[in-house]
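Remarks on the overall topology
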Amino acid sequence: MTRQSTLLERLPAVRGRLSEGASLAKVTWFRVGGPAEVLFKPADVADLQAFLAGCPKGVGITVLGVGSNLLVRDGGIPGVVIRLGRAFAEIRTDGQRVYAGAAALDLNVALAARGAGIAGLEFLSGIPGTMGGACRMNAGAYGSDLAAVFVSATAVDRTGTLHRLDKDGMGFTYRHSAVPEDWIFCGAELVGHAGDPAVIQQRLNEIQAAREESQPVRARTGGSTFVNPTGQKAWALVDQAGCRGLTVGGAMVSEKHCNFLINTGAATATDIETLGETVRRRVKETSGVELAWEIKRIGVPADSSLAIAPKSEA
């Protein structure tokens, strides 16, 4: 009887790093979830392209940013998880334009724009994620969204082909883009307008103060849990359903802002997802509104036959 090869042995050679059974709980904001079957950190765009071109068909590919708006289930993620690193975090400014790699933190993009006297991107400082995630979901906050400042983006498809997308090609709608789910964003170009860095900093301060006053920013959370229904606020519907402070295991609906779920310290991904589904059911019962998850839930349950055993550090 021959030994069955591992996924790692079937993958193409890379210049970046491949790790089996790498922990993902350490890199998600909830601090929960199982490991990746294989974690790939590409050295650069060319390394990413070559890997995707040579990756066997049928192998699942999942892209992970900073894990801010994400819930990884307790059984982990089968297949390959791609996490873009430092090579994808570059930020450059030119006139009133900003280029940001997909791994660049939205906050850092806003700060770079301030430093260059570019106004209009301050809202990004209120979004706890990366530019890749912002492109994927048309991230927005504090009166603006990515579509309002977007010029173009680059993305690699499953065959390793690099694409350049203009605004029409993104198909932006509220908290959504129409780009195929299996395309991986590499970077984006944004545009603002000339501004006084001191005035821009004042707006950044206002956004920071507003976040700290109204959101549990220092807790283990995944950001806004549910999408605001048209003409309504998700937090108000959750509050009206009597869910403020509701708990399941180590997961709790935030007392400060009840569209946030919190890991109080010992929660599992199952606790958090179960709590979210309980909230959705109660909101449906009390208001007739069916809330949609804004947090992306990926991976398999711990009791799944596909559950991944941890083998190494991420």
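Presented here is an overview of the structure given in this document.

What counts, and where the lines are drawn
Residues numbered from 1 in each chain as written. Predicted model: local features only at pLDDT ≥ 70, side-chain atom pairs only at ≥ 80, totals over all residues. Heavy atoms only, no water. Salt bridge = Lys/Arg side-chain N within 4 Å of Asp/Glu carboxyl O. Helix = DSSP H or I, 4+ residues; strand = E, 2+ residues; numbered from the N terminus. Buried < 20%, exposed > 50% of the residue type's maximum accessible area, 1.4 Å probe, protein only. Contact = heavy atoms within 4.5 Å. Phe/Tyr/Trp six-rings, centres within 6.5 Å; stacked < 30°, edge-to-face > 60°. Pairing = 2+ DSSP bridges.

**Quick word on the pattern of salt bridges**
Tallied over the entire structure, the rule returns 13 salt bridges. For Arg 73, the salt bridge goes to Glu 273, with nearest N and O atoms at 2.8 Å. With Arg 73 in the loop between strand S4 (70-72) and strand S5 (77-83) and Glu 273 in helix H8 (residues 269-287), the pair connects residues that are 200 residues apart, well separated along the chain. You'll find Arg 73 and Glu 273 in the same group, each marked buried.

**A few points about the side chain of Ser 68**
Along the chain, Ser 68 turns up in the loop between strand S3 (61-64) and S4. Residue classification places Ser 68 among the buried residues on the basis of a relative accessible area of 9%. Ignoring anything within four residues of it in the chain, the contact list for Ser 68 reads Trp 29, Pro 128, Gly 129, Thr 221, Gly 222 and Gly 223.

**Considerations on the packing of aromatic side chains**
The description of two aromatic rings rests on the distance between their centres and on the angle between their planes. A full pass over the atoms with the stated rule returns three aromatic pairs. On the numbers, 4.4 Å between centres and 35° between planes, the contact of Phe 40 with Phe 51 is tilted. Pair noted here: Phe 40 is in strand S2 (residues 36-41) and Phe 51 is in helix H2 (residues 45-54), with a separation of 11 residues, a long-range link. The exposure class of Phe 51 is buried, given its relative accessible area of 0%.

**Considering the pairing of strand S13 (residues 184-191)**
Within S13, six of the eight residues are buried, leaving the element largely enclosed by the surrounding structure. With five bridges joining them, strand S7 (residues 97-101) and S13 adopt antiparallel strand pairing. Across the sheet, Val 98 pairs through a bridge with Leu 190, a residue of S13.

**Structural notes on the sheet that holds strand S15 (residues 220-224)**
Across the sheet, which stays open at both edges, the four strands sit in the order S15-S18-S17-S16 with antiparallel pairing between neighbours. The outermost strands of the open sheet, each flanked by one partner alone, are S15 and strand S16 (247-248). The pairing of S16 with strand S17 (residues 251-253) spans two bridges and is classified as antiparallel. Along S17, the bridge assignment pairs Val 248 with Ala 251.

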